[in-house]
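Report on the structure
Here's the letter readout for the chains.
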Amino acid sequence: MKSLRAPPRLEPRRMGNALIVAAMLLSLCILSLIKARYCSAPDAKLRSLAQVEPIEVSESAAAKSWEAALPEDEDDEGDVATPPKIVAEETVTVISKPICYETSKRSNVCRAEGDARLRGSSRTIFLHPSLTDREWKIKPYCRKHDGPAMKNIEEWTLKPLASNEPPPRCTVHHKVPALVFSIGGFTGNLFHDFTDVIVPLFISSYQFHGEVQFVVSENKPWWVSKFISILNQLSNYDIIDADDDDPDAVRCFPRVIVGLSFHKELGVDPSKTATGYSMVEFKAMLRKAYGLERPTAAPWGDRWDARRKPRLLIISRRKTRVFLNERGMADMATSLGFAVRVAEPDNTTDLAKFARLVNSADVMIGVHGAGLTNMVFLPAGAVLIQVVPMGGLGWVARDTFKKPSSDMQLKYMDYHIKADESSLIDQYPKNHPVLKDPDSIQKQGWYTTSKIYLENQNVRPHLRRLRNTLLEALRHLPHGRKEA
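All residue numbers here refer to positions counted from 1 along the written sequence of the relevant chain. The model is predicted, so local features are restricted to residues of pLDDT at least 70 and side-chain atom pairs to those at 80 or more, both for listing and for counting; the totals for chains, interfaces and linings are taken over all residues. To obtain the side-chain values, all non-hydrogen atoms of the structure were included, while hydrogens and water were left out.

- An unreviewed UniProt entry lists the protein chain under the name Glycosyltransferase 61 catalytic domain-containing protein, from Ensete ventricosum.
- Turning to the protein chain, the UniProt annotation filed under Subcellular location (unreviewed entry) states: "Golgi apparatus membrane". UniProt positions are given in the numbering used here, feature names are shortened, and annotations may be inferred rather than shown by experiment.

Following this line, the structure appears as structure tokens:
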């Protein structure tokens with residue numbers, strides 16, 4: 001019979017160790033639960049921040065909070081815990097868009113919408129910090145590639161105000177956008193007046209229907225006076241002269257545009273304008289500005305009206321590229337049935353009167369030069385004849401007046417001067433490169449080319465050859481057609 005054995009007794013020391021281990025395990029479980037409930041894992045926090053979309057601060061909301069957000073006391077900049085609201089705002093990414101950019105190889109433009117404060121005397125525009133985080137500089141003239149033209153154009157600066165500084169106090173409040181541009185550079189030459197300033201100004205301002213404030217620098221009062229009829233069509237407000245503005249004046253605008261947009265010589269690209277407007281609208285604007293009666297080159301009155309004769313306007317010159325047989329040209333054109341006028345525009349010419357004269361013409365002829373810019377006043381369907389001096393200048397003639405003519409709804413023709421029609425034949429031996437090899441002269445650079453072929457050349461077109469050109473021009477007009 002086996003004896004029964006009693007279960008062994010646990011020793012007090014081993015019992016104590018077991019209790020300690022159990023307590024530690026229980027504590028670890030409790031700590032894990034607390035961490036899971038109240039603490040987020042570091043990598044989870046990173047994931048949540050990475051998922052936040054960058055948010056662009058509303059300009060209107062930012063403008064309203066600008067002054068309110070300025071610190072009231074500089075002593076409040078210690079290590080104070082940031083309130084939860086500010087922490088939330090600091091996690092928002094503010095996108096600072098470029099406000100200045102290239103609109104063409106000839107032009108840069110800066111745009112800002114919001115609280116813009118303009119001080120003309122210092123050529124400075126202060127912007128709300130939400131609009132930009134850097135300083136921008138621009139010369140607002142559409143010839144940025146041309147060193148001589150830009151030499152005397154002053155820079156404008158657009159800069160954000162520091163968040164810890166109060167903005168300059170507005171002395172004048174404007175309700176319409178500001179459009180800042182220069183009338184320095186090559187203005188004073190009619191071609192540059194239009195291609196560098198007036199056409200780009202139309203491109204940039206026509207969309208506002210007059211509700212835009214022009215601010216000009218490098219002002220020329222005589223220039224403004226000359227083109228005031230056009231300027232008044234594009235803006236309902238008196239021009240602000242930045243050069244002569246009160247040094248303490250701070251003009252506040254809801255929007256500012258610095259610089260004009262250039263598309264092409266004497267042209268508008270409708271695909272780049274705000275509402276698709278083009279040179280058709282530009283010419284309509286000119287007709288309204290100067291009271292021009294003829295939108296198209298239709299014959300005047302009935303068939304017995306003396307004004308029904310097609311009108312030829314000869315653009316005369318007196319210094320360079322002069323028509324040496326101008327009287328013979330006029331007589332020959334008269335024999336073809338043209339009513340002929342000869343006129344020489346210059347800087348003192350009353351532009352309104354000359355615009356009406358050009359608008360009355362059906363055909364305009366002139367040697368390559370600024371005077372041909374008056375083509376902008378010709379009625380649609382009229383003929384422009386450019387007389388191109390010898391010297392391989394076809395590319396200049398093409399880019400300046402041939403290309404723009406189609407957008408102006410004009411028929412373009414040219415007449416190229418030959419060596420025996422040029423005064424250069426009397427200045428150089430007949431085998432000289434100037435006469436025989438103009439390309440070799442052009443390789444010497446534009447200065448030499450211009451000096452010889454533009455500044456020192458007059459022309460005498462062969463009347464018989466020119467007669468054929470004028471007869472072709474007549475065929476493009478409705479005056480001689482049976483249906484007319």
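Having seen the model, we can carry on.
Focus on the pairing of strand 7 (residues 178-182)
- Buried residues dominate strand 7, accounting for 5 of its 5 residues.
- Note: strand 7 against strand 8 (residues 213-217), 5 bridges, orientation parallel. The residue of strand 8 that forms the bridge with Ser182 is Ser217.
- Note: strand 7 against strand 10 (residues 251-258), 3 bridges, orientation parallel. Each bridged residue has a counterpart across the sheet, and for Val180 the counterpart in strand 10 is Val258. Each residue is placed in one exposure class: buried if its accessible area under a 1.4 Å probe, protein chains only, is under 20% of its type's maximum, exposed if it is over 50%, and partly exposed if it falls in between. Helical segments are the DSSP runs of H or I of at least four residues, strand segments are the runs of E of at least two, and each set is numbered from the N terminus. Note on pairing: two strands pair once DSSP finds at least 2 bridges between them.

Comments concerning the nonpolar core
- Core analysis: the largest hydrophobic core is formed by 100 residues, its most contacted members being Phe194, Phe282 and Phe377.
- Sorting elements by how many residues they give to this core places helix 6 (residues 190-205) first, with 9 residues.
- In this analysis, two residues are considered to be in contact whenever any of their non-hydrogen atoms come within 4.5 Å of each other. With sequence-adjacent residues up to four places away left out, Phe377 is seen in contact with Phe194, Leu286, Tyr290, Leu292, Leu351, Ala355, Val358 and Asn359.
- Residues belong to one nonpolar core when they are buried, are Ala, Val, Leu, Ile, Met, Phe, Trp, Tyr or Cys, and are joined through side-chain atoms within 4.5 Å. With 21 residues, the next largest nonpolar core counts Cys100, Ala116, Leu118 and Leu127 among its residues.

Section: the pairing of strand 11 (residues 311-315)
- Of all 5 residues that make up strand 11, 4 are buried, and the element is covered over most of its length.
- Of the strand pairs in this sheet, strand 11 and strand 12 (residues 339-343) are connected by 5 bridges, and their pairing is parallel. Across the sheet, the residue bridging to Arg311 is Ala339, located in strand 12.
- Handedness rule for crossovers: strands pointing away from the viewer, path from the first strand over the helix to the second running clockwise, crossover right-handed. In this region the chain leaves strand 11, passes through helix 10 (residues 326-335) and returns to the parallel neighbour strand 12; the handedness of that crossover is right-handed.
- The pairing of strand 11 with strand 13 (residues 363-367) spans 4 bridges and is classified as parallel. The residue bridging Leu313 from the neighbouring strand is Met364, located in strand 13.

Concerning unusual backbone geometry
- Phi is positive for His209, close to 55°, though the residue is something other than glycine.
- Tracing the backbone through its elements, the reader meets His209 in the loop between helix 6 and strand 8.
- A positive phi is found at Leu266, a non-glycine position, where the angle reads about 50°.
- Using a relative accessible area of 0% as the deciding quantity, one classes Leu266 as buried.

Description of the packing of helix 10 against helix 16 (residues 463-475)
- The axes are straight lines fitted to the C-alpha atoms, using for helices just the contacting stretch, and the angles between their N-to-C directions are given from 0 to 180°. Packing of helix 10 against helix 16 leaves a shortest axis separation of 10 Å and a crossing angle of 45°. One finds that helix 10 runs oblique with respect to helix 16. The way helix 10 lies across helix 16 gives a crossing that is right-handed. For the pair formed by helix 10 and helix 16, the contact residues are Gly328, Met329, Met332 and Ala333 on the first element and Leu463, Leu466, Arg467 and Leu470 on the second.
- For this classification, Asp, Glu, Lys and Arg are treated as charged, while Ala, Val, Leu, Ile, Met, Phe, Trp, Tyr, Cys and Pro are nonpolar and the rest, including Gly, are polar. When grouped by side-chain class, the residues that make up the contact of helix 10 with helix 16 number 6 nonpolar, 1 polar and 1 charged. Here the word oblique covers every angle except those under 35 degrees (roughly parallel), over 145 (roughly antiparallel) and from 65 to 115 (roughly perpendicular). Helix crossings are classified by the rotation of the near helix relative to the far one: an anticlockwise turn of less than a right angle makes the crossing left-handed, while a clockwise turn makes it right-handed.

Some words on the packing of helix 6 against helix 9 (residues 279-290)
- At their nearest, the axes of helix 6 and helix 9 sit 10 Å apart, and the two run at 95° to each other. Comparing the axis directions of helix 6 and helix 9 gives the class roughly perpendicular. Facing Phe194, Ile198, Val199 and Phe202 of helix 6, the residues of helix 9 in contact are Glu281, Phe282 and Met285.
- Its residues assigned to classes, the contact of helix 6 with helix 9 comprises 6 nonpolar, no polar and 1 charged.

Some remarks on the state of the cysteines
- In plain terms, two cysteine sulfur atoms within 2.5 Å form what is called a disulfide here. Going through the model one piece at a time under the given rule, you end up with 2 disulfides.
- A disulfide bridge connects Cys170 with Cys252, and the sulfur atoms are separated by 1.8 Å. Here Cys170 and Cys252 share a disulfide; its torsion about the S-S bond, -90°, makes the bridge left-handed. Of the two residues, Cys170 sits in the loop between strand 5 (156-160) and strand 6 (172-173) while Cys252 sits in strand 10, which places them 82 residues apart along the sequence. The two residues Cys170 and Cys252 agree in class, both being buried.

Side note on the environment of Phe202
- With respect to the helices and strands, the residue Phe202 is situated in helix 6.
- The buried category is assigned to Phe202, whose relative accessible area is 0%.
- The spacing of Phe202 and Tyr277 is 75 residues in sequence and 9.8 Å in space, taken between C-alpha atoms.
- In contact with Phe202, not counting residues within four places along its chain, are Leu234, Val268, Tyr277, Ser278, Glu281, Phe282 and Met285.

Brief notes about the sheet that holds strand 14 (residues 383-388)
- Strand order in the open sheet made by the 5 strands is 12-11-13-14-15, with parallel pairing throughout. Both edges of this open sheet fall to strand 12 and strand 15 (411-416), since each of them pairs with a single strand only. Direction aside, the axes of adjacent strands within the sheet are offset by 20° on average.
- Pairing of strand 14 with strand 15 involves 6 bridges; the strand directions are parallel.

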